[in-house]
Amino acid sequence: MSAVELQPEMSGQIMTPNDVKPVLQNQPGQTEPVQNQDSKSQQHPLHQYDLTIMQKFYDLCLAKFNEQNPKWKPNEWMHMNPMPAHLSWEQKYEWPNPTCLSQKQRVYEAFARLARESGEPMILLPNFEYGDLMNFDRFLQSMRQDGINSIGKYKHFLNSKDMRKTECDLVVIHPRYGVLLFEVKDCDHFDVKRRSSAKTHLNQARSCFDSIARFIAEVKGFQLSECRLPISEFVALPNVTECPFSNNQNMTVKGDHNTSASSTTSSRSSRQVNFLIKKDLENSAEFAKWWTRSVIEPKTQQFQLAEAANKPNKFDVNLMNLMVGFINNVKNNSILPVVYAQTEDFALSQEAKEHFQPALNIHAEFFKPTHEKCRSWSKVVLLSKDTEKIRRTICLQTLWLLLNDSQKKISVVCSELNKPYYEEFFARQRKVYNSLNNLRIYTNFHSCDSNGQHTIKNNGEVWIFDSAINGSLREVFERVKEMKSYWIFTEQEDLVAQLNTEMTNLDVNLVKLDNEVKQEEFMPLIKFPMRVKCDLLVVSDLISYQQTNLVNKFVKSNTVLNQAMNYQNNGQYDRYHSQQQQLHQLKFNPTKKFRSIKFIRGGSIDNLRTQLKMHDSIVAPVVLVHVGDEDLFKTRDSTKTHEHIKELTTLIREYLPNSFVILSTLMRRRSRSENGIINDVNKGLINFCRQTKSELNCFYMLNNHLEPNYHTQEGRQLTNKGLRVYIDNVLFAVDYFLVRNNKQH
């Protein structure tokens, strides 16, 4: 023992300087060295860290834990002690193993026990994370307003990085009493901070369930006032012996127009939050009394009042089943939005096929059970005699991997015959998804060799082998032995049986796709209905995503440049009058008229047409169309570009027969030859608007006063300065022709 250490019998005592000296002098075989002032200071008791004190501290912690949990024995709990099967429910509940330290578990066990003993039908969702549910519901809701732009909400559902707590400690779904939300607090004092936290979490959970139920009731044709999901909120305090508030001072959560307690109560009244305390959790009899007092009696009273007022709540068990099914599919990520081509009922005419591709639709693809159970496995051999089923499974599995892990690299090895099938499928998906760049398709079987040029040796790569590749199953196995993740599709059932031992050694799972239940064949594809609803719809790529906020800022202007002289000169650009332009006072308030501005972008006219045809409905009082720059930049053909613009404008008018449609002319560029082609296109657009006045009634908007430096060299996007002038031009056209009703033709 060194000179500064304590003797065992002296540890744990407060020592004085006099206590230290004998210890230092009683060291046998040591001589007292000459020490300076610094070495003496190191011998002071305040500089001696006594570990035995901390040992006593931990011993006291253990004793306190044993005091609070008398069933747990520190000297016995490590032994295996299985529970006999003949015990009663009460004895099983009192069995000391396992020991539950979480109070959330106690609340869950109380409900589970009540359901078993009384037969109350319940669905229990402990530690229910509703973030994915909320994001997917936003995706469905967005399809009613944002159309094709709603796919961004689905990406948010897949890759949300929101770190806020979106978890409810316990959700109880009852077929008659609705949804019960529980926030559990492990405390013996319910203070202001915990009270505020409970209110916030319960509000968020309630809003999520209320939104889902409202959407389900709407698709069934019910009004919000007659069909509401019953939702009750509770705060569980398993360590609190007394209710924090008396009967006439219950904690309330402020209500809003979307969250009323029932269909018979005022929508703006405060909602009452009940409590579940320690006394209610002591035994099953006390918990049954609490259930009757806090759930059954209030709900029964609400039902009686609704029936007396002849306003029963129509959210019955059938709608509850739909909600449960939706929740389960979203939580298990069993729904995959897939883009498919337009089918026979909406086929294009032969003339239109020469210019445009078939329109696309987004369908809800449900995973088959055999595919769903293995989609996250790393090493799989899939056996099937159906070639189309194999190709379809490869497409869905690849898309699912790319969407759920944007960093994962997928390599598909297929035959020359099947390569166009996969390329066409993923070309359709890229119309709405922009995160499918990590896919490579090979027809060379040797691309996956260990010395292959394109092979990336990392754990993030998945290889998928089609059944139609020019190689046997045994040759494939020779190449995948060093791979971390691979999917092998085959039709050779006899070779699979021969390679059974080798597959076992490589930890490869065998899945038979043809062993699917007959019920799966009756799962049809569901086309997602999409609608765009806004005040101003912009069909163009002229305004970038980053300039959206600037558009909302510039559209608030009440005074713009007067462009009446340009229209009076029949579109002839007058540089003299352009230098002496005056301000024009708008006769309408653009802030109120254009509360919602939405965009449909696609680059080429063909892509824009595809984006439009994906919608079932478009509602917009004012539509701004500026297209042709992309096509003109690639083809340099003014005639073909002009024809495409006319066909697209006709399609927009079919969707929006009563809207005010503005056809924006193309802008000047620095090149004289390009300006000549642009002038030809603009003349054709002006003549088109004049000739179709009675049929389409579209208005052209002149942009010949915009300088070439107001947009990029290709004319695809505006600069910020050009955006300001362009928005003023749009506001003037709306005011001059729509509001003031001036004639253009």
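Residues numbered from 1 in each chain as written. Predicted model: local features only at pLDDT ≥ 70, side-chain atom pairs only at ≥ 80, totals over all residues. Heavy atoms only, no water.

Q: Help me understand the packing of helix H6 (residues 131–142) against helix H8 (residues 192–219) in this model?
A: Axes are the key here: two packed helices are described by the angle between their axes and the distance separating the axes. H8 packs onto H6 with a crossing angle of 35° between their chain directions and a minimal axis gap of 10 Å. Considering the relative orientation of H6 and H8, their crossing is left-handed. Listed contacts from H8 to Leu133, Met134, Asp137, Leu140 and Gln141 of H6 are Cys208, Ser211, Ile212 and Phe215. (Axes fitted to C-alpha atoms, helices over the stretch in contact; angles between N-to-C directions. Helix = DSSP H or I, 4+ residues; strand = E, 2+ residues; numbered from the N terminus. Left-handed = near helix turned anticlockwise from the far one by under 90°. Contact = heavy atoms within 4.5 Å.)

Q: Please clarify how the environment of Ala733 should be interpreted in this entry.
A: Within the secondary structure, Ala733 sits in helix H26 (residues 720–739). Separated by 170 residues in the primary sequence, Ala733 and Gln563 place their C-alpha atoms 8.5 Å from one another. Discounting residues that sit within four places of it in the chain, Ala733 has contacts with Tyr567, Phe660, Ile662, Met701 and Leu738.

Q: Any chance you could explain the sheet that holds strand E17 (residues 536–539) here in plain terms?
A: Strand pairing in a sheet takes place through backbone hydrogen bonds and is either antiparallel or parallel in direction. Strand order in the open sheet formed by five strands is E20-E17-E22-E23-E24, with parallel pairing between adjacent strands. In this open sheet, the two edge strands, each paired with only one partner strand, are strand E20 (597–600) and strand E24 (699–701). Looking at each pair of strands side by side, their axes are set apart by 25° on average, direction ignored. Note that strand E23 (residues 660–664) and E24 share three bridges and pair parallel. By the bridge assignment for E24, Leu663 is matched with Tyr700. Packed on one face of the sheet, helix H24 (residues 638–655) meets E17, strand E22 (622–625) and E23 and runs near 165° to E23. (Pairing = 2+ DSSP bridges.)

Q: Can you walk me through the sheet that holds strand E15 (residues 526–527) in this structure?
A: An order of E7-E8-E15 is seen for the three strands of this open sheet, with the pairing classed as antiparallel. Edge strands, defined here as strands with exactly one partner in the open sheet, are strand E7 (335–341) and E15. As defined by bridge partners, E7 adjoins strand E8 (residues 360–366) across seven bridges and the pair is classed as antiparallel. What sits directly across from Val338, in E8, is His363. In the packing of helix H13 (residues 387–404) onto the sheet, the strands contacted are E7 and E8, and the crossing angle to E7 comes to about 120°.

Q: Would you mind going over the packing of aromatic side chains with me for this structure?
A: What characterises a pair of aromatic rings is the spacing of the ring centres plus the angle enclosed by the ring planes. Counted under the stated rule, the structure contains 33 aromatic pairs. Geometrically, the ring pair formed by Trp72 and Trp77 is tilted, given 5.6 Å between the ring centres and 40° between the ring planes. Judged by its relative accessible area of 13%, Trp72 falls in the buried class. The class for Trp77 is exposed, based on a relative accessible area of 54%. With a centroid separation of 5.6 Å and 35° between ring planes, the pair formed by Phe699 and Phe737 is classed as tilted. Taken together, the positions of Phe699 in strand E24 and Phe737 in helix H26 put the pair 38 residues apart, joining distant regions of the chain. Residues Phe699 and Phe737 agree in their burial class; the two are buried. Taken together through their ring pairs, the aromatic side chains of Phe111, Tyr177, Phe182, Phe234, Phe287, Trp290 and Trp291 make up a single cluster. A cation over an aromatic ring shows up here: Arg391 above the ring of Tyr421, its NZ or CZ 4.0 Å from the ring centre. Residue placement shows Arg601 over the ring face of Tyr545; its charged tip is 4.1 Å from the ring centre. (Phe/Tyr/Trp six-rings, centres within 6.5 Å; stacked < 30°, edge-to-face > 60°. Buried < 20%, exposed > 50% of the residue type's maximum accessible area, 1.4 Å probe, protein only. Lys NZ or Arg CZ within 6 Å of the ring centre and 35° of its normal.)

Q: In this structure, what is going on with the pattern of salt bridges? I would like to understand it.
A: Under the definition given, this model contains 29 salt bridges. A salt bridge links Lys408 to Asp405, with the shortest nitrogen-to-oxygen separation between them at 3.8 Å. According to the relative accessible area criterion, Lys408 is buried, its value standing at 18%. The class of Asp405 is partly exposed, set by a relative accessible area of 31%. Here Arg440 and Glu461 are joined by a salt bridge, their closest N and O atoms 2.4 Å apart. (Salt bridge = Lys/Arg side-chain N within 4 Å of Asp/Glu carboxyl O.)

Q: Whenever I open this one, the nonpolar core confuses me. Can you help?
A: A general feature of soluble globular proteins is that nonpolar side chains tend to end up buried together. Membership of the largest hydrophobic core comes to 86 residues, with the highest contact counts inside it found for Phe209 and Met323. Counting residues per element, this core draws most heavily on H8, which supplies ten residues. When near neighbours in sequence (up to four residues on either side) are disregarded, Phe209 contacts Phe128, Val171, Val179, Leu181, Leu229, Ile231, Met323 and Ile327. (Core = buried A, V, L, I, M, F, W, Y, C linked by side-chain atoms within 4.5 Å.)

Q: Where do I start with the confidence of the model for the chain in this structure?
A: Do not read the fine detail of predicted coordinates wherever pLDDT is low. Per-residue confidence for the chain gives a mean pLDDT of 80; residues scoring 70 or more make up 80%. For the stretch residues 1–35, pLDDT sits under 50, and the model shows 35 contacts to residues farther than four places along the chain or on other chains. The low-confidence segment residues 255–270 (pLDDT under 50) makes 32 contacts with residues lying over four places distant or belonging to another chain. (pLDDT = per-residue confidence, 0-100.)

Q: Just to check I follow, could you spell out the pairing of strand E12 (residues 461–465) for this structure?
A: Of all the five residues making up E12, five are buried; the element is thus mostly covered by neighbouring parts of the structure. Neither face of E12 is exposed, since Glu461, Trp463 and Phe465 on one face and Val462 and Ile464 on the opposite face are all buried. Direction of pairing for strand E10 (residues 409–413) relative to E12: parallel, over a ladder of five bridges. From the neighbouring strand, Val412 faces E12, where its bridge partner is Ile464. Across three bridges, the pairing between E12 and strand E13 (residues 486–490) is parallel.

Q: Even after reading the chapter, I still don't get helix H5 (residues 103–118), so can you show me in this structure?
A: Each turn of an α-helix holds 3.6 residues, which means side chains three or four residues apart point in the same direction. For H5, with 16 residues, the first-to-last C-alpha span of 23 Å sits near the 22 Å given by 1.5 Å per residue. Listing the buried residues of H5 in full gives Gln103, Val107, Ala110, Phe111, Ala112, Arg113 and Leu114. The first or second residue beyond H5 is Gly119, which carries a positive phi of 80°. (Expected span 1.5 Å × (residues − 1).)

Q: Where do I start with the environment of Tyr710 in this structure?
A: Take Tyr710: it is sitting in the loop between E24 and H26. The buried category is assigned to Tyr710, whose relative accessible area is 13%. Tyr710 sits ten residues away from Asn720 along the chain, and the two C-alpha atoms are 7.9 Å apart. Those residues in contact with Tyr710 that lie beyond four places of it in its chain are Leu718, Thr719, Lys721, Gly722 and Val725.

Q: What should I look at first to understand the packing of helix H22 (residues 605–613) against H24 in this one?
A: At their nearest, the axes of H22 and H24 sit 10 Å apart, and the two run at 10° to each other. Classified by the angle between their axes, H22 and H24 sit roughly parallel to one another. Across the interface between the two elements, Ile605, Leu608, Arg609, Leu612 and Lys613 from H22 touch Thr641, His644, Ile645, Leu648, Leu651, Ile652 and Tyr655 from H24. Taken together, the residues that form the contact of H22 with H24 break down as eight nonpolar, two polar and two charged. (Parallel < 35°, antiparallel > 145°, perpendicular 65-115°, else oblique. Nonpolar A, V, L, I, M, F, W, Y, C, P; charged D, E, K, R; others polar.)

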